[in-house]
Every structure is written in C-alpha cells, then in structure tokens.
Amino acid sequence: MGMLAALVLLLGGVVAAVVLSVGVSVHRALGPQETDDGSICEPLKGECSRLGRTSIETRFSVRLPPDAQLEASGSRSLIKASEAWVVACVPDVSGLLQDAEDAGFVESAVSDYPERHDWSGRGPVSQEVRLVAPDGGAQRLDVGSSCDVGTWVYLGYFKDL
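Remember, predicted model here, so these are calculated numbers, not experimental data.

## A closer look at the packing of aromatic side chains
Here's step 1: This model, assessed by the stated rule, comprises one aromatic pair.
Here's step 2: Their ring planes at 75° and their centres at 5.7 Å tell us that Trp-119 and Tyr-154 sit as a pair that is edge-to-face. In this pair, Trp-119 is assigned in the loop between β6 (106–108) and β7 (127–132) and Tyr-154 in strand β9 (residues 150–160), connecting sequence segments 35 residues apart.
Here's step 3: The exposure class assigned to Trp-119 is buried, which follows from its relative accessible area of 8%.
Here's step 4: Residue Tyr-154 is classed as buried on the basis of its relative accessible area of 2%.

## Quick word on unusual backbone geometry
Here's step 1: A cis amide bond, omega 0°, links Gly-123 with the succeeding residue Pro-124.
Here's step 2: Tracing the sequence through the fold places Pro-124 in the loop between β6 and β7.
Here's step 3: Here Ser-61, not a glycine, exhibits a phi torsion of approximately 65°, which is positive.
Here's step 4: Relative to the helices and strands, Ser-61 resides in the loop between α2 (53–60) and β4 (69–77).
Here's step 5: Notably, Asp-118 is not glycine yet its phi reads approximately 60°, a positive angle.

## Concerning the side chain of His-117
Here's step 1: With respect to the helices and strands, His-117 occurs in the loop between β6 and β7.
Here's step 2: Of the residues examined, His-117 reaches a relative accessible area of 12% and is grouped as buried.
Here's step 3: A distance of 3.1 Å separates the side chain of His-117 from the side chain of Glu-83, its partner in a polar contact.
Here's step 4: When neighbours within four sequence positions are excluded, His-117 is seen to be in contact with Arg-76, Glu-83, Trp-85, Val-87 and Tyr-154.

Each value, and the rule that gives it
- Residues numbered from 1 in each chain as written.
- Predicted model: local features only at pLDDT ≥ 70, side-chain atom pairs only at ≥ 80, totals over all residues.
- Heavy atoms only, no water.
- Phe/Tyr/Trp six-rings, centres within 6.5 Å; stacked < 30°, edge-to-face > 60°.
- Helix = DSSP H or I, 4+ residues; strand = E, 2+ residues; numbered from the N terminus.
- Buried < 20%, exposed > 50% of the residue type's maximum accessible area, 1.4 Å probe, protein only.
- Polar contact = N/O pair within 3.5 Å; in protein donor to acceptor, adjacent residues only side chain to side chain.
- Contact = heavy atoms within 4.5 Å.

This is the structure we're talking about:
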C-alpha cells in the first residue's frame, strides 16, 4: 500500500509540474509583449499599455518631435469600438500643429469630450484640431496647459466598429 501511495504522489507531482509549466508558457505567449515598433501589447486582450513612436506616427498621422516626452499612451479594441491615446509634453507645439495641419487636421471648437485618458491635471484644453482618418475613425489633437519643457498635448483616436 505504501508503494502505491508513493507512486500516486509522484504521478500527481509530475502532472502538477506539467500543468504549471504549460500555464506559464501560455501566459508568456499571451501576456504583455513588446512589438517590433516598441509598443507593449497583450494580444489576447486587444490592449496596448504603451505605444511606440512608430505606432503613434502610424495611428495619428503626425510625428512627435524627438524631444517630446511621452507621459502615457495606450490603445484598446473593444467589441464595438477601437481607441488609442497619447499624452506628451511637447517643447514646440506649433511645429506639431503644423505637422497635423499638413496631414489634413483642421481646427475645430474645443469639444466637451467626456474622456481623455491620463489627462488629469493637464488641461484645460485651449486648442483642438481634428481629422477623419482614412479608415473612418476620428483623430484629434488637443493642446493643454504648460508642462516642464513645453505644452501638454493629447492625441486621441476613436472608431466605432
């Protein structure tokens, strides 16, 4: 009987180790990963907790100046919508606004947009430009209050799916 109990315990330990190993591998494969463009994304959730500069330029049609300080960024794909955002401290906001204008953004009235991710304490918004993206989404660039080296800027993208 003692030998049978030892064999059952040993087999149970092997099964537990295999299950744990597979679980860790699956978590690594589906958990947060750095993409080629420097973004940190979780494929299973459809979320990115940080966007790389290349991804930002692609999503928003504007190029952040090299000396811009990225404070926060992210994206998520929901069942009926897709959104992305960037909060940055930009030394020369006029250059960024010119880049946005060259990309087709047009000035609009400052909206009462209900949610600006990671924007708390960086407003109020003093200027807003918008663009209908080629895929039909709405892009926006909002200019906020001053920061350490320039002006807070919010880039936002939203599309109903």
